[in-house]
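# Tertiary structure, described
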Amino acid sequence: MAQRILESGQIETLERREIPRLIPPAAQVFGIRARRLQALAPGHAIEGYLQLMARLCEAQQQALDGLSPAVLADLREQAFGQRPAAAAEAGMPPLLAGDLQRDPIWREILRTLCRKLGDATGFPEPVAAIVGELVGTEDVELEAQADALLDSAGAEPRNAASAPFVMAALQVYWTALAGDERIHALHPMADAPGLCPACGSAPVASQVHARAPHAGHRYLACALCSCQWHFVRVQCSRCGAMGKDIAYQTLTDAESEDNSAAREAGVRAETCEACHGYRKILYEEKDHGVEPVADDLASLALDLLLGELGYARASQNPLLWQLAGD
Ligand code: FE
Ligand code: FE
């Protein structure tokens, strides 16, 4: 009997089929993030900020857990029902960040997060002022702030200080939506593989997983809906360049003011000579605790180094918004 020999391209195709293409949000995504931030904070150059964001992530988890099954079902029906059939057929993300008509519940979530942060002790005075102001901000202004943060063209936030809190509420809302089973069937977009197939947002960072069934594969982590999607290694997630254009940067202890280089061994920056941009890549094999939003935030020193080297950050960390020129 003749044996069928597979060409190398076919082998890759077969291999790819077996990789889960999309990882839905973990039920405890915000709690995991909070604990990671708490673990990274002690002795860190921005310890206070990491602790504050850890507290915010705890509040996010409580808000997500507080959505009843009936409310979740309603929110998801309302959101998924908005996608026109034509868009679905064209493979457009079903929960497109810039397009979706948001349920007002996201503003309730925001105010709940802000009240919790306002009641928390041990944070600097300006924190209470920022969250207090947000609680009293009119709905129309909150919607405008959300629109600016979700703008795919990269509009400046209307208020950089309040942006992490507004974004945190939007994350809870989108993560709740992305917990729907309809998300499981999605694949990375052929014409925009660097954008989230569930909500169309840019990733905060990428992660090479160490555990089955994702071990050895790299996934991009959505900054909004908490999904991860498969993306080949040694390729720029910003412009798609591959091979010799791609390099990796890490901090040495000398460059790291707080001697955090060893701790950050699991974090590198993937730079691209074609677009002069970078995104960080986290290696779970080197550090089992890596979490995309937390580790990206806690490796700010690496951003400073890349900035000095002339590379542009591909997209913002949802918990830290910098204005152009900062
Ligand atoms: Fe997403
Ligand atoms: Fe590039």
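Refer to the structure printed above.
Summarised in this report is the structure supplied together with it.

Conventions we followed
Residues numbered from 1 in each chain as written. Chains lettered and ligands numbered in written order. Predicted model: local features only at pLDDT ≥ 70, side-chain atom pairs only at ≥ 80, totals over all residues. Heavy atoms only, no water. Donors = N, O, S within 2.8 Å, 3.2 Å for Na, K, Ca; no water. Tetrahedral: all angles 85-135°; square planar, octahedral: opposite > 155°, others 65-115°. Helix = DSSP H or I, 4+ residues; strand = E, 2+ residues; numbered from the N terminus. Polar contact = N/O pair within 3.5 Å; in protein donor to acceptor, adjacent residues only side chain to side chain. Contact = heavy atoms within 4.5 Å. Buried < 20%, exposed > 50% of the residue type's maximum accessible area, 1.4 Å probe, protein only. Expected span 1.5 Å × (residues − 1). Arc of directions from axis to C-beta. Salt bridge = Lys/Arg side-chain N within 4 Å of Asp/Glu carboxyl O.

### Points about the coordination of the iron ion (ligand 1)
Taken together, Cys196 (SG), Cys199 (SG), Cys222 (SG) and Cys225 (SG) make up the protein donors of the iron ion (ligand 1), found 2.3 Å from the metal. The coordination sphere of the iron ion (ligand 1) comprises four donor atoms, whose angles at the metal cover 94 to 119°; the geometry is tetrahedral. Read in sequence order, the donor residues coordinating the iron ion (ligand 1) give the pattern C-x2-C-x22-C-x2-C. Residue cysteine 199 is found in the loop between α9 (163–178) and β2 (203–208), and its partner cysteine 222 is found in strand β3 (residues 218–222); the two are separated by 23 residues along the sequence.

### Focus: the side chain of arginine 111
Examined against the element boundaries, arginine 111 turns out to sit in helix α6 (residues 105–119). A polar contact of 3.1 Å, which involves the side chain of arginine 111, links it to the backbone oxygen of valine 135. For arginine 111, the residues in contact, after removing those within four places along its chain, are Leu134, Val135, Thr137, Glu138, Asp139 and Leu142.

### Things to note about the coordination of the iron ion (ligand 2)
Every protein donor of the iron ion (ligand 2) is listed here as Cys236 (SG), Cys239 (SG), Cys272 (SG) and Cys275 (SG), and their distances to the metal cover 2.3 Å. Here the iron ion (ligand 2) is ringed by four donor atoms whose angles at the metal span 106 to 115°, and the overall shape comes out tetrahedral. Take cysteine 239: its relative accessible area is 40%, and that puts it in the partly exposed class. Given a relative accessible area of 1%, cysteine 272 falls into the buried group.

### Side note on helix α7 (residues 125–136)
Since the α-helix turns once every 3.6 residues, residues separated by three or four places project in the same direction. Relative to the 16 Å expected for 12 residues at 1.5 Å per residue, α7 spans 17 Å between its end C-alpha atoms, a close match to the ideal helical length. Those residues of α7 not exposed but buried are Val127, Val131 and Leu134. Along the long axis of α7, the arc covered by the buried residues comes to 55°, so they all point the same way. Residues of α7 that are exposed and point over 90 degrees away from its buried face: Glu125, Glu133 and Gly136. Tucked into the core, α7 has its buried residues touching α3 (47–65), α6, α8 (139–149) and α9.

### Side note on the pattern of salt bridges
Per the stated rule, a full pass over the model turns up 19 salt bridges. One salt bridge connects glutamate 143 with arginine 102, and the closest N-O pair in it is separated by 2.7 Å. Taken together, the positions of glutamate 143 in helix α8 and arginine 102 in the loop between α5 (85–89) and α6 put the pair 41 residues apart, joining distant regions of the chain. Residue arginine 102 is classed as buried on the basis of its relative accessible area, which comes to 13%. Arginine 102 serves as the salt-bridge partner of aspartate 147, at 2.8 Å between the closest nitrogen and oxygen. Placement of aspartate 147 in helix α8 and of arginine 102 in the loop between α5 and α6 is noted, with a sequence separation of 45 residues between them. In the salt-bridge network here, residues are joined through shared partners; they are Arg102, Arg107, Arg111, Asp139, Glu143 and Asp147.

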